[in-house]
Amino acid sequence: MVEAILIDLFSLPANLQNNIQGLLHNTLEAIEKCSSIHAPCVYVICCQRQGSERKGEQEFLLLALRGFQSLKRRLEVVCAQNTAAALYTIKQRLDEKDLSIIKVILPTLRKDLMKVYIDHLFTAVYQFEFEDLEVVSDHENPQISEHKHEGQMLPSQDVALIQSEIQMYLESLPSLKGELTILRSSLIPDDIFLHGFTTRTGGISYIPTLSSCNLFSSSKRRDPQVVVKENLRRLANAAGFNPEAFHRVKVDHANAVCIMGKTEPDNYDGIVTNQKGVTLAAPGADCIPVLFADPVRRACGAAHSGWKGTLLGVSMATVNAMVSEYGCNVKDILVVLGPSVGPCCYNLPHETAKEFHRIDPKCVRLFDSANPYIDIRRATRILLERGGLLPENIQDDSITDQNQNITFCTACHPDKFYSHFRDGTNFGTQIGFISIKD
């Protein structure tokens, strides 16, 4: 069942501007007849014009909207300077109401164009269907057509123009939830490495559980890749790295490690390099973003360590990759654990807890309960120390001076961090990042 209808009147031919009232009236009349039981939200998009031309068009629209009582409370006209701005505004309305099934009624010639905008601004969470708005002439009644238009691929230059329009619009949006904040460790020397852990502030993501500096997009969440890319651009500007030389692990919750410059695995939770100016990153939304730095051999790495990756030893696998590839000495490698879910909040089934108990009983709280609380950070430290890392070269929440602590519990701080455990399936993601300075 369609939950929302979008009527695209954005680029009507110039000779039809005077007929916009009839066009919209007939379209709404058809919708009302088909929606007697369930009235969908209806959004009409049009170009935001200047001066008297804008006023005249708005008057036409208002006249066309009269009499549709069943749609009145669920109908909105969105005027914007470009299609990107109009669609993004409508996306916000859809997300506020948690709607995802949308019918788009639009002139045939706009269909291929609109599909490109939708592909960029929406994710697979949303379902779109299209109906043609047959605009026949100035003196004939416009009508909705059931004819299904088989679109052609847009020329690449047209797609590039749309991408540029979307990017410029997103860049113009204000940051939400305050300034962008980066947490840095005193353990990693800042004369050699650029590094940090992000928080949730300073981006443009507006959905509550994703707001505002979400740095991961997936088909199961409502934040599209273009928004994540804009958040990353703002982070790169603030931190001082090149977003075009940015490499994020491909999470598999395992222990594979990618060596920059070699064949890239399909999935990996660790990544290492000795190339200058290349930024490595690992996500975290309860899982630990772990950063590695060797100031002697000038190599670095990043790893994503959830409970599965922790048990599989992904952090030590990343260390071993640095040793084997770049000749690092284990005792020179510095490791910092970023914001992640703490043992205060994180519980797992008893069978899984047994695995952590085998590492060290102190990794489990309330071991005899059905869902004991797990300390994946302590387990990570223990496995690293057993692998030869010096205890003083590992920074986590056990640090003596809590003013230097950057390993906060993500679930405990909703104002600062995202948490899958706390927020559910539509959760945001922060990252840890590191690079070798030029």
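Please refer to the structure placed before this passage.
Report on the accompanying structure. (Residues numbered from 1 in each chain as written. Predicted model: local features only at pLDDT ≥ 70, side-chain atom pairs only at ≥ 80, totals over all residues. Heavy atoms only, no water.)

### Topic: the pairing of strand 4 (residues 101-106)
Both faces of the sheet carry side chains from a regular strand, because those side chains alternate between them. Within strand 4, five of the six residues are buried, which leaves the element mostly enclosed by the surrounding structure. Two strands pair when backbone bridges link them, and strand 1 (residues 4-8) and strand 4 are joined in this way by four bridges, in the parallel orientation. If you follow A4 over to strand 4, its bridge partner there is I102. (Buried < 20%, exposed > 50% of the residue type's maximum accessible area, 1.4 Å probe, protein only. Helix = DSSP H or I, 4+ residues; strand = E, 2+ residues; numbered from the N terminus. Pairing = 2+ DSSP bridges.)

### Describing the sheet that holds strand 14 (residues 299-305)
Pairing is mixed across the open sheet formed by six strands, whose spatial order is 10-11-14-13-15-18. Of all strands in the sheet, those bounded by a partner on one side alone are strand 10 (257-259) and strand 18 (394-395). Relative to strand 18, strand 15 (residues 334-337) is paired through two bridges, and the arrangement is parallel. Its bridge partner being in strand 18, V336 is matched across the sheet by Q395. Along the sheet, helix 9 (residues 314-326) makes contact with strand 10, strand 11 (270-273), strand 13 (288-294) and strand 14, crossing strand 14 at roughly 160°. (Contact = heavy atoms within 4.5 Å. Axes fitted to C-alpha atoms, helices over the stretch in contact; angles between N-to-C directions.)

### Examining the environment of T273
Within the fold, T273 resides in strand 11. Placed 15 residues apart in sequence, T273 and C258 show a C-alpha to C-alpha distance of 8.9 Å. T273 has contacts with M260, L280, A299, C300, Y326 and I436, leaving out every residue within four places of it along the chain.

### As for helix 11 (residues 376-386)
Residues of helix 11 that are buried: I376, R377, A379, T380, R381, I382 and L384. Capping the start of helix 11 is the job of one residue whose side-chain oxygen sits 3.2 Å from the backbone nitrogen of R377: D375. (Polar contact = N/O pair within 3.5 Å; in protein donor to acceptor, adjacent residues only side chain to side chain.)

### Some words on unusual backbone geometry
The peptide bond linking S211 to S212 adopts the cis configuration, its omega dihedral lying at 0°. Considering the arrangement of structural elements, one finds S212 in the loop between strand 8 (193-198) and helix 7 (225-239). One non-glycine residue with positive phi stands out, namely D98, at about 60°. Here D98 is to be found in the loop between helix 4 (83-97) and strand 4. In this structure D98 comes out as exposed when scored by relative accessible area, which is 55%.

### Structural notes on the nonpolar core
Counting 39 residues, the largest nonpolar core has Y88 and L170 as its most contacted members. Those elements that place two or more of their residues in this core are strand 1, strand 2 (41-47), strand 3 (75-80), helix 4, strand 4, helix 5 (111-121), helix 6 (156-172) and helix 7. Element by element, the count of residues in this core is highest for helix 4, at seven residues. When residues of this core are assigned to domains, at least three fall in each of domain 1 (4-135 + 163-171) and domain 2 (174-436). If you look at the next biggest cluster of nonpolar residues, it comprises 37 residues, including V257, I288, M322 and A379. (Core = buried A, V, L, I, M, F, W, Y, C linked by side-chain atoms within 4.5 Å. Domains from an automatic or database assignment.)

### Observations concerning the packing of helix 5 against helix 6
Two elements in contact, helix 5 and helix 6, have axes separated by 10 Å at closest approach and are oriented at 45°. As summarised for this structure, helix 5 and helix 6 are arranged oblique, according to the angle between their axes. In this structure, helix 5 meets helix 6 at a crossing whose hand is right-handed. In this structure, helix 5 uses L113, V116, Y117, H120 and L121 to contact helix 6, whose residues at the interface are V159, I162, Q163, E165 and I166. Of the residues in the contact of helix 5 with helix 6, the class split is seven nonpolar, two polar and one charged. (Parallel < 35°, antiparallel > 145°, perpendicular 65-115°, else oblique. Left-handed = near helix turned anticlockwise from the far one by under 90°. Nonpolar A, V, L, I, M, F, W, Y, C, P; charged D, E, K, R; others polar.)

### Quick look at the pairing of strand 14
Within strand 14, seven of the seven residues are buried, which leaves the element mostly enclosed by the surrounding structure. Along strand 14, one buried face is formed by A299, G301, A303 and S305 and the opposite face, lined by C300, A302 and H304, is buried too. The pairing of strand 11 with strand 14 spans four bridges and is classified as antiparallel. When the bridges of strand 14 are listed, T273 appears paired with C300. When strand 13 meets strand 14, the two strands line up antiparallel, connected through seven bridges. When the bridges of strand 14 are listed, A293 appears paired with C300. If you look at the hairpin formed by strand 13 and strand 14, you'll find four residues sitting between the two strands, and R298 has a positive phi there, around 55°.

### Remarks on the packing of aromatic side chains
What the rule picks out here adds up to eight aromatic pairs. Between Y88 and Y169, the aromatic rings sit 5.9 Å apart at their centres with planes inclined by 70°, giving edge-to-face as the arrangement. Here Y169 lies in helix 6 and Y88 lies in helix 4, a separation of 81 residues in the sequence. For Y88, a relative accessible area of 2% puts it in the buried group. For Y169, a relative accessible area of 18% translates into the label buried. Taken together, a centroid distance of 5.7 Å and an interplanar angle of 85° make the contact between Y88 and Y206 edge-to-face. On the criterion of sequence distance, the pair formed by Y88 in helix 4 and Y206 in the loop between strand 8 and helix 7 is long-range, its members being 118 residues apart. The residues Y88 and Y206 share a single accessibility class, namely buried. (Phe/Tyr/Trp six-rings, centres within 6.5 Å; stacked < 30°, edge-to-face > 60°.)

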